[in-house]
Amino acid sequence: MNRFLIILIVLLSWNFSFANEDYPDLDEIKRSLDRLASEYPDYFSYEKIAESPGGNSVFLAKAGQGDEDLTPGLLFLSGVDGKHPAGTVMVLSLAEKILSDGGEMLDRFYFYFVPVLSPDAYAQYHDELQYERSGNARETDIDRDGRISEDPYEDLNGDGMITQVRIEDASGHWVTHEKDSRVLVPLKDRTKAQTIYRIISEGIDNDKDGLFNEDGPGGINLNMNFSFDYPAFQPGAGEHAVSESENRGLAEFLFERWNIYAVFTFALENNLSHPIGFDRQKVSRRIITGPLERDATSAQMVATKFSDNWSIDDAPEMKQGPGSFSSWAYFHYCRFSFVSPAWWAPVVVSESEEEEDAEGESEDSSAVSEKELKDNYDLRYIQWAKSEGVEDFFVDWEEIDHPDFPGRKAEVGGFKPFVRNNPPLNYLEEPAENYFSFIQDFTNAMPTLEFQDVEVEKLERNVFRVTGRVVNTSLLPTSTQLGDRTRWVRDTRCRILLNDDQELLLGHYRSFHKSLDAGEYFEFSWLVSGSGKVVLDAGSPMTGLVELSLELK
């Protein structure tokens, strides 16, 4: 079966109908949610949790059934800025797959979906002027000069896109890559004979403050506006942490949902393929800035499961920025938090580049090595696009007369907006399948409590001792170690339920216990007067409830 037919079958099975086979606009996203609610009324619903400054709704959907307060949950979020519509498609795809193929997962877990947290920024993809936007529609004086949005982007070459301008400038910091002149890399040696460039975004300095396009219509970057490591006074961060209605609506929802065990974010960050290791120095400070030891070990195990299900290797390293949602979800919400891009260009080494002479050097001096592709994502993307026949991803450098650089050579060009991290839709089908398989493995590793070695000992007439233990039999702990430390997760409760003719002589009806790591347990012992049936139960919102019936006789 050829590749095109496989892609067509998957697309039909998911029943997405995005216009022009392009990334969906906000109306299409809502129609997708409406359709899922109509097709799966017993399992799926959605609600509006916030309205953006631009008047767009932020929706949160959930899939599952049963007692939500005692059913473990997972959150999937994307669109924390507008640069990554591929993440939105992944969230919608996962919702579809979980509903159609999730099977017993829908009876064991609740799944929460936020397709677009920053709809104002996301909408720029479908605007007449296309550029990668991070901020919402909040009117903001970013450069603090008393004027609002006075220095926006300008489309200098009239192609409907904002790319870059490179200006020949001996004091600049960029040069072209020796293997591909389209790619610009940081200058390392000024003594070499080479053309040096200054790089700015496409536009002019409207307010003549020496900065370019620093005060456009984009306001607050929601992925800089959360409270952990909040970058106060930085452009785009907002007047204070969680100042925006979109972030507040999400945080208020999450703080009421004690059952959410882990958060999965699709963004241009990556701690899933590149988990953050334990650093004792970072956790010894008054403000913790790194994962606690047990949490780091769990994250490493999850990363291994992810790589086992992922067919695209060589994921680029993408750090979590200050004030990001994914960092907040761990450090302040105290849940396991995993973030990765929906897709990245794989390393593709052409046959000619793999051929080496007897001395181990490439026969073609212009060939791009595997190491160069891994080190430079722009080269990697170009090589992948060439191998896949993907075209129209680059605006060739074109000389213009730039009013701010009279008499100097200035050129407009560069990668088109969005292309480097948002491939044609068909390239997201395989990653979506892989991620769904990974989530299945993840849910199988989530904590499961079990009563073990339970004994009923009759001491004398109508007096019984009940003993045993509750064990976490799965691979992941019942909550994060940080959650225990901050007390921002619910403890595991264990209790005995007696009938009216029974009395507890020794022990407490209820006991509470901190997080259990994989294989860990706690013991219980009760002395009960009275025969007949008793029920034991144990659990927390993030593990669910396990029950055991006993007969005292």
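Values in this document were obtained by computation on a predicted structure and should not be read as measured data. (Residues numbered from 1 in each chain as written. Predicted model: local features only at pLDDT ≥ 70, side-chain atom pairs only at ≥ 80, totals over all residues. Heavy atoms only, no water.)

## Digging into the nonpolar core
Inference 1: Ranked by size, the top nonpolar core spans 81 residues in total, and within it F111, Y381, Y435 and F442 carry the most contacts.
Inference 2: Here this core gets 9 residues from one element, more than from any other, and that element is helix α3 (residues 85-101).
Inference 3: Among all residues touching F442, those that are not within four sequence positions of it are L74, Y261, A262, F264, V302, F338 and L476.
Inference 4: One finds L75, Y112, V114 and L222 within the second-largest nonpolar core, a separate group that totals 25 residues. (Core = buried A, V, L, I, M, F, W, Y, C linked by side-chain atoms within 4.5 Å. Buried < 20%, exposed > 50% of the residue type's maximum accessible area, 1.4 Å probe, protein only. Helix = DSSP H or I, 4+ residues; strand = E, 2+ residues; numbered from the N terminus. Contact = heavy atoms within 4.5 Å.)

## A word on the packing of α3 against helix α13 (residues 429-445)
Inference 1: Contact geometry for α3 and α13: axes closest at 10 Å, N-to-C directions at 55°. Considering the angle they form, α3 stands oblique to α13. For α3 against α13, the interelement crossing comes out right-handed. Across the interface between the two elements, M90, S93, L94, K97, I98 and D101 from α3 touch P431, A432, E433, Y435, F436 and Q440 from α13.
Inference 2: Among the residues forming the contact of α3 with α13, the class breakdown is 7 nonpolar, 2 polar and 3 charged. (Axes fitted to C-alpha atoms, helices over the stretch in contact; angles between N-to-C directions. Parallel < 35°, antiparallel > 145°, perpendicular 65-115°, else oblique. Left-handed = near helix turned anticlockwise from the far one by under 90°. Nonpolar A, V, L, I, M, F, W, Y, C, P; charged D, E, K, R; others polar.)

## Some points on the layout of surface pockets
Inference 1: Volume-wise, the largest pocket comes out at about 1,200 Å³.
Inference 2: Along its surface, the largest pocket is lined by 44 residues, and K83, E132, Y153, T163 and S201 are the ones closest to its centre.
Inference 3: Along the lines of polarity and charge, the residues of the lining of the largest pocket split into 21 nonpolar, 15 polar and 8 charged.
Inference 4: In this structure, the second largest pocket encloses a volume near 640 Å³.
Inference 5: Lining the second largest pocket are 27 residues, with N271, I276, P291, Q320 and F331 positioned closest to its centre. (1 Å grid on protein atoms, 1.4 Å probe; cavity = no way out; pocket = protein on both sides within 12 Å on 5 of 7 lines; lining within 4 Å. Points joined across faces, edges and corners; volume = space filled by probe spheres on them.)

## Quick word on the packing of aromatic side chains
Inference 1: On inspection of all chains with the given rule, the structure shows 46 aromatic pairs.
Inference 2: Each ring, one from F306 and one from Y435, has its centre 5.9 Å from the other, and the planes form 70°; the classification is edge-to-face. Here Y435 lies in helix α13 and F306 lies in helix α8 (residues 293-309), a separation of 129 residues in the sequence.
Inference 3: With a centroid separation of 5.2 Å and 80° between ring planes, the pair formed by F394 and F415 is classed as edge-to-face. A residue pair is termed long-range when its members are at least 10 positions apart, and F394 in strand β11 (residues 394-400) and F415 in strand β12 (residues 410-415) qualify at 21 residues.
Inference 4: F394 gets classed as buried once you look at its relative accessible area, which sits at 11%.
Inference 5: Directly above the aromatic system of Y333 lies the positively charged group of R335, at a separation of 4.2 Å from the ring centroid.
Inference 6: Stacked on the ring of Y521, the Lys or Arg R469 has its end atom at 4.5 Å from the ring centre. (Phe/Tyr/Trp six-rings, centres within 6.5 Å; stacked < 30°, edge-to-face > 60°. Lys NZ or Arg CZ within 6 Å of the ring centre and 35° of its normal.)

## Examining the pattern of salt bridges
Inference 1: In this structure the tally under the stated criterion is 26 salt bridges.
Inference 2: Between K30 and D34 there is a salt bridge, and its shortest N-O distance comes to 3.3 Å. Pair noted here: K30 and D34 are both in helix α2 (residues 26-39), with a separation of 4 residues, about one helical turn.
Inference 3: Using a relative accessible area of 33% as the deciding quantity, one classes K30 as partly exposed.
Inference 4: As a salt-bridge pair, R257 and E68 come within 3.5 Å of each other at their nearest N and O atoms. Residue R257 is found in the loop between α6 (245-255) and β9 (260-266), and its partner E68 is found in the loop between β2 (57-63) and β3 (73-77); the two are separated by 189 residues along the sequence.
Inference 5: Judged by its relative accessible area of 11%, R257 is buried.
Inference 6: When salt bridges that share partners are traced, they join K62, E68, D69 and R257 into one network. (Salt bridge = Lys/Arg side-chain N within 4 Å of Asp/Glu carboxyl O.)

## Some points on α6
Helical geometry note: an α-helix holds 3.6 residues per turn, so side chains three or four residues apart project in the same direction.
Inference 1: Taken across its 11 residues, α6 has 8 buried, putting it largely inside the fold.
Inference 2: Within α6, the full set of buried residues consists of S245, E246, N247, G249, L250, A251, F253 and L254.
Inference 3: Against the buried residues of α6 lie β1 (44-51), β2, β3, β4 (110-114), β9 and α9 (325-331).

## Brief notes about the confidence of the model for the protein
Inference 1: Summing up the model confidence of the protein, the mean pLDDT is 90 and the portion of residues at 70 or higher is 91%.
Inference 2: Below a pLDDT of 50 lies the segment residues 1-16, which in the model reaches 25 contacts outside its immediate sequence neighbourhood of four places, other chains included.
Inference 3: In the model, residues 356-364 has pLDDT below 50 throughout and makes 7 contacts with residues more than four positions away in sequence or in other chains. (pLDDT = per-residue confidence, 0-100.)

## Quick word on the sheet that holds strand β16 (residues 503-506)
Inference 1: Ordered by their spatial adjacency, 4 strands build an open sheet running β13-β14-β18-β16, and the pairing between neighbours is antiparallel. Across the chains shown, the open sheet's two edge strands, defined by having one partner strand only, are β13 (449-460) and β16. If you compare each strand with its neighbour and ignore which way they point, the axes differ by 30° on average. (Pairing = 2+ DSSP bridges.)

## Comments concerning the environment of V470
Inference 1: Tracing the backbone through its elements, the reader meets V470 in strand β14 (residues 463-472).
Inference 2: Accessibility expressed as a relative area gives 0% for V470, which makes it buried.
Inference 3: Counting along the chain gives 18 residues from V470 to Q452, while the straight-line C-alpha distance between them is 6.2 Å.
Inference 4: In contact with V470, other than residues within four places in its own chain, are L449, E450, F451, C494, L516, E520, Y521, F522, F524 and A538.

## A look at the side chain of E372
Inference 1: Mapped onto the secondary structure, E372 falls in helix α11 (residues 370-375).
Inference 2: For E372, a relative accessible area of 19% translates into the label buried.
Inference 3: Dropping the residues within four chain positions of it, E372 is found in contact with H177, E178, K179, A367 and L379.

## Some thoughts on unusual backbone geometry
Inference 1: Although it is not a glycine, C334 sits at a positive phi angle of roughly 65°.
Inference 2: Relative to the helices and strands, C334 is located in the loop between α9 and β10 (336-340).
Inference 3: C334 sits in the buried class, given a relative accessible area of 2%.

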